[in-house]
Amino acid sequence: MDKYTALQTYFGHDAFREGQESLVDALLSGRDALGIMPTGAGKSVCYQLPALLLEGVTLVISPLIALMKDQVSALVQNGIPAAYLNSSLSAGQQAEVLRRAQQGAYRLIYVAPERLLTERFLAFVRTAPIAMVTVDEAHCISQWGQDFRPSYLDIRTLIDALPTRPVVSAFTATATEQVQQDIIRLLDLRQPCLVRTSFDRKNLFFGVQTVTKGEKEDAMLGFLARHKGESGIIYCISRKAVEEVCLTLQNLGLPATRYHAGLSQEERQRNQTEFLYDRAAIMVATNAFGMGIDKSNVSFVLHYNMPQNLESYYQEAGRAGRDGTPAECMLLYGKGDIMTNKFLLMTNKFLLARNRDDADGVDEATAELLYRRNLSKLNRMADYCSGTRCLRKDLLTYFGEQTEGESCGNCSYCLSGYRTVDRTVEAQKLLSCVLRIRQRGYRPAQALVWDCLRGISSEAVMQLRLSDLSTFGLLREMREEELNALRDILITYGYLSVEGTALPILTVTERARALLRGQRTLSVRVPPDPVGRQAAVTVSPEQMQALKAVRTRLAKRAGVPAFVICSDATLIDLCVKRPHTRAELLRVKGIGVAKADKYGSELLAAVRQLDREP
Ligand code: ADP
Ligand code: ZN
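Rules used throughout
- Residues numbered from 1 in each chain as written.
- Chains lettered and ligands numbered in written order.
- Predicted model: local features only at pLDDT ≥ 70, side-chain atom pairs only at ≥ 80, totals over all residues.
- Heavy atoms only, no water.
- Helix = DSSP H or I, 4+ residues; strand = E, 2+ residues; numbered from the N terminus.
- Rg over C-alpha atoms; globule rule 2.2 N^0.38 Å.
- Buried < 20%, exposed > 50% of the residue type's maximum accessible area, 1.4 Å probe, protein only.
- Contact = heavy atoms within 4.5 Å.
- Areas by Shrake-Rupley, 256 points an atom, 1.4 Å probe, with all protein chains shown as cover.
- Lys, Arg positive; Asp, Glu negative; His and termini not counted.
- Charge placed at Lys NZ, Arg CZ, Asp CG, Glu CD.
- Pairing = 2+ DSSP bridges.
- Axes fitted to C-alpha atoms, helices over the stretch in contact; angles between N-to-C directions.
- Donors = N, O, S within 2.8 Å, 3.2 Å for Na, K, Ca; no water.
- Tetrahedral: all angles 85-135°; square planar, octahedral: opposite > 155°, others 65-115°.
- Phe/Tyr/Trp six-rings, centres within 6.5 Å; stacked < 30°, edge-to-face > 60°.
- Lys NZ or Arg CZ within 6 Å of the ring centre and 35° of its normal.
- Polar contact = N/O pair within 3.5 Å; in protein donor to acceptor, adjacent residues only side chain to side chain.
- pLDDT = per-residue confidence, 0-100.
- Core = buried A, V, L, I, M, F, W, Y, C linked by side-chain atoms within 4.5 Å.
- Salt bridge = Lys/Arg side-chain N within 4 Å of Asp/Glu carboxyl O.

## Observations concerning the overall build of the chain
- What the chain contains, in helices and strands, is 25 helices and 17 strands.
- Taking 614 residues into account, the globule formula puts the C-alpha radius of gyration at 25 Å, and the chain, at 26 Å, falls close to it.
- Projected onto its principal axes, the C-alpha positions of the chain cover 85 × 55 × 45 Å.
- Looking at the chain residue by residue over its 614 residues, the buried ones come to 54%.
- Here the analysis covers contacts within the chain between residues at least 6 apart in sequence; of these, 71% occur between residues at least 24 apart.
- Total accessible area on the chain is roughly 27,500 Å²; 50% of this is exposed by carbon and sulfur atoms.
- Of the side-chain charges in the chain, 76 are positive and 68 negative, and the distance between the mean point of each set is 3 Å.

Pasting the structure below:
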């Protein structure tokens, strides 16, 4: 099987994303590789696909014990045999995994770094055909990274213990030069194929809001009001803050749950599952939560406190919008956050040195060195929060990336020049025009509506005799792009829906009644000077709701979280592409052969249902 067929068959992707193919090619040809890509860029495919095609088994070293199970079950869902080895398995279970592995039952085995040098594991790797060693979250090996894990240094020892040297690949979302050098040196990567993709996540809005202690809660509630019904994460600095914030939200009837290291293993697992399955849409957590979380429909990440460094911030914020749909990352910055963080760094220094005999402890001098580095990272973080320049540009510069232009147009700094204007009247005119055309018995195609509103006597307008409509020429002063922008906002607020992409037909929704009657107003943020807005997704909330219900049903049946069945991006693509055959279904983003086999008939039935109820 070639790599393209494998990509389509096992992962359901039509094409490689930026950077993926070079990494896959390098690994397939036996060359080491280092992939530095932001969260959500698609690092997993870069090693999972070669693991499928290479002769022998791939070991994936990952610090994420709690999440290995999910990663493995996602692979198995895609028809790829895989297993994991960590302390959550009994000795008997581990022996069983190794026995089956010996017989070649798996393509990939996920291993915790602490397992690597155990007798049993070493005995296994000395006789098993190891094709590749993949190091996930590879920055953990560096003292310049934000999560130094001394046990990562064992990886090199493991590789050296193998009878033949396997291909070695490493992946991280931490992009600073020092970390990159450390990974190459400490893992002994040999002339690695180095791929660094852009860290820009265009679908993420970045914001900083400076607040006093007393204003924080209101700022959070205001933020959540704008994200009603959506799924998101709220990061807090301490366990105590998590408890307080979570309680506040629950008392307000919001579907919040919590996660921090002070909870029992069972409760953490349970709460995380509640969040992953969308039963609790809001996760309030410390930074203990989220590494490796691949929930695709996270619409916002709110930082209730400033994190310790930009690496952590970008990684945590990056958990929003993994499916490419617009998402908001907001940081509530209080001056007290600096003091609290300094205190935490200090405590951490003492703990590290005190535990120097443990797998993940260090000596005193190293602890002091790490402390100084962390302190300067903290100052840099506070500098980001000062809000004196484009936030995206600042983040990307920090990660060593050149950016064009002065303003990104999608962060709180760049949008601060925006004005809020009332667009109620324009919206009423647009919606009435759609209704009037319908009353005459015609299907209001967008182009026709625009002609009527702008008072253009086009051929279609003349033929259908629409120039005597009461709404004819009511928005003469608006340009086509302005009408499109207004349309996008009306769709976002659920006042208007659009069917069809080639010839979009406009429909006024039930919700729009209140706006038409003047019981509701519509205000819009407009840029200081006219710049193009991003086109919004042309899928109605009703259609998404219907598809999500089908996904929930499938997820329940399979006993997996909804996003394992498919991402929101897949649902949107289903709405847009409207597949009616299996072949068409396979062209939808994220649907491979395994998923088409398992869920194909239900998904096709759901699309047929959509066709019946526009
Ligand atoms: P990372 O590990 O870099 O944070 P993941 O490997 O978890 O990212 O991938 C993020 C998302 O992108 C997943 O939902 C995955 O299915 C999707 N994805 C990865 N590669 C592709 C591709 N070539 N085409 C479309 N979607 C992809
Ligand atoms: Zn900006």
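## Side note on the sheet that holds strand β11 (residues 282–285)
- Spatially, β8-β13-β12-β9-β11-β10 is the arrangement adopted by the six strands of the open sheet, whose pairing is parallel. If you trace the sheet from one side to the other, it starts and ends with β8 (204–210) and β10 (256–259), each paired once. Going from strand to strand, the sheet's axes swing by 15 degrees on average, the running direction of each strand aside.
- As judged from the four bridges shared by strand β9 (residues 232–235) and β11, these two strands associate in the parallel manner. Within the sheet, the bridge partner assigned to tyrosine 235 lies in β11 and is alanine 285.

## Digging into the coordination of the zinc ion (ligand 2)
- For the zinc ion (ligand 2), every protein donor is listed as Cys390 (SG), Cys408 (SG), Cys411 (SG) and Cys414 (SG), and the spread of their distances is 2.3 Å.
- The coordination sphere of the zinc ion (ligand 2) comprises four donor atoms, whose angles at the metal cover 102 to 120 degrees; the geometry is tetrahedral.
- Taken in chain order, the donor set of the zinc ion (ligand 2) reads C-x17-C-x2-C-x2-C.
- Classification of cysteine 408 by relative accessible area gives partly exposed; the value is 28%.
- For cysteine 414, a relative accessible area of 13% puts it in the buried group.

## Some points on the pairing of strand β16 (residues 505–508)
- Note that strand β15 (residues 496–499) and β16 share four bridges and pair antiparallel. Paired with glutamate 499 across the bridge in β16 is isoleucine 505.
- Following β15, the chain reverses through five residues before pairing antiparallel with β16; glycine 500 in that reversal takes a positive phi of roughly 80 degrees.

## What to know about the packing of aromatic side chains
- Within the structure shown, the criterion is met by 12 aromatic pairs.
- Geometrically, the ring pair formed by phenylalanine 121 and phenylalanine 124 is tilted, given 5.9 Å between the ring centres and 45 degrees between the ring planes. You can see phenylalanine 121 and its partner phenylalanine 124 sitting in helix α6 (residues 119–127), three residues apart, about one turn around the helix.
- The buried category is assigned to phenylalanine 121, whose relative accessible area is 2%.
- A relative accessible area of 3% places phenylalanine 124 in the buried class.
- Among the aromatic residues, ring-to-ring pairing joins Phe199, Phe206, Tyr314, Tyr398 and Phe399 into one connected group.
- A cation sits over an aromatic face here: lysine 216 above tyrosine 304, 5.5 Å from the ring centre.
- Of note, lysine 349 hangs over the ring of tyrosine 371, and the distance from its end group to the ring centre comes to 4.4 Å.

## Observations regarding the side chain of threonine 257
- Within the secondary structure layout, threonine 257 lies in strand β10.
- Side-chain polar atoms of threonine 257 contact the side chain of asparagine 271, separated by 3.4 Å.
- Excluding anything up to four places from it in sequence, threonine 257 contacts Cys246, Gln250, Asn271, Phe275, Ala280, Ile282, Met283 and Val284.

## Digging into the environment of aspartate 573
- Inspection of the secondary structure assignment puts aspartate 573 in helix α23 (residues 568–577).
- On a C-alpha basis, the gap between aspartate 573 and tyrosine 413 in space is 32 Å, while along the polypeptide they are 160 residues apart.
- The residues contacting aspartate 573, other than those within four sequence positions of it, are Arg578, Arg587, Val588 and Lys589.
- Only 2.6 Å separates the side chain of aspartate 573 from the side chain of lysine 577, close enough to count as a polar contact.

## Remarks on the confidence of the model for the chain
- Averaged over every residue, the pLDDT of the chain is 89; residues scoring 70 or more account for 96%.
- Under a pLDDT of 50 for its full length, residues 529–537 has, in the predicted model, 11 contacts with residues more than four places off or in other chains.

## Observations regarding the nonpolar core
- Grouped together as the largest cluster of nonpolar side chains are 143 residues, with contacts concentrated most on Leu59, Phe121, Phe124, Phe206 and Tyr384.
- Ranked by size, the runner-up nonpolar core spans 31 residues in total, among them Ala427, Leu466, Leu486 and Leu506.

## Considerations on the sheet that holds strand β2 (residues 57–61)
- One open sheet holds the seven strands; their spatial order is β3-β4-β2-β5-β6-β1-β7, and the pairing between them is parallel. Strands at the two margins of the open sheet, each flanked by one partner only, are β3 (82–85) and β7 (193–196). Each strand axis lies, on average, 15 degrees off the axis of its neighbour in the sheet, ignoring direction.
- Summarising the sheet, strand β1 (residues 33–36) and β7 pair through four bridges and their orientation is parallel. Along β7, the bridge assignment pairs alanine 33 with cysteine 193.
- Contacting β3 and β4 (108–111), helix α4 (residues 65–77) runs over the sheet at an angle of about 170 degrees to β3.

## Section: the pattern of salt bridges
- Under the defined criterion, the tally for this structure stands at 36 salt bridges.
- For glutamate 426, the salt bridge is made with arginine 423, and the minimal N-O distance between the two is 3.6 Å.
- Given the relative accessible area of 18%, glutamate 426 is considered buried.
- When the shortest N-O distance is used, the salt bridge between glutamate 482 and arginine 479 registers 3.7 Å.

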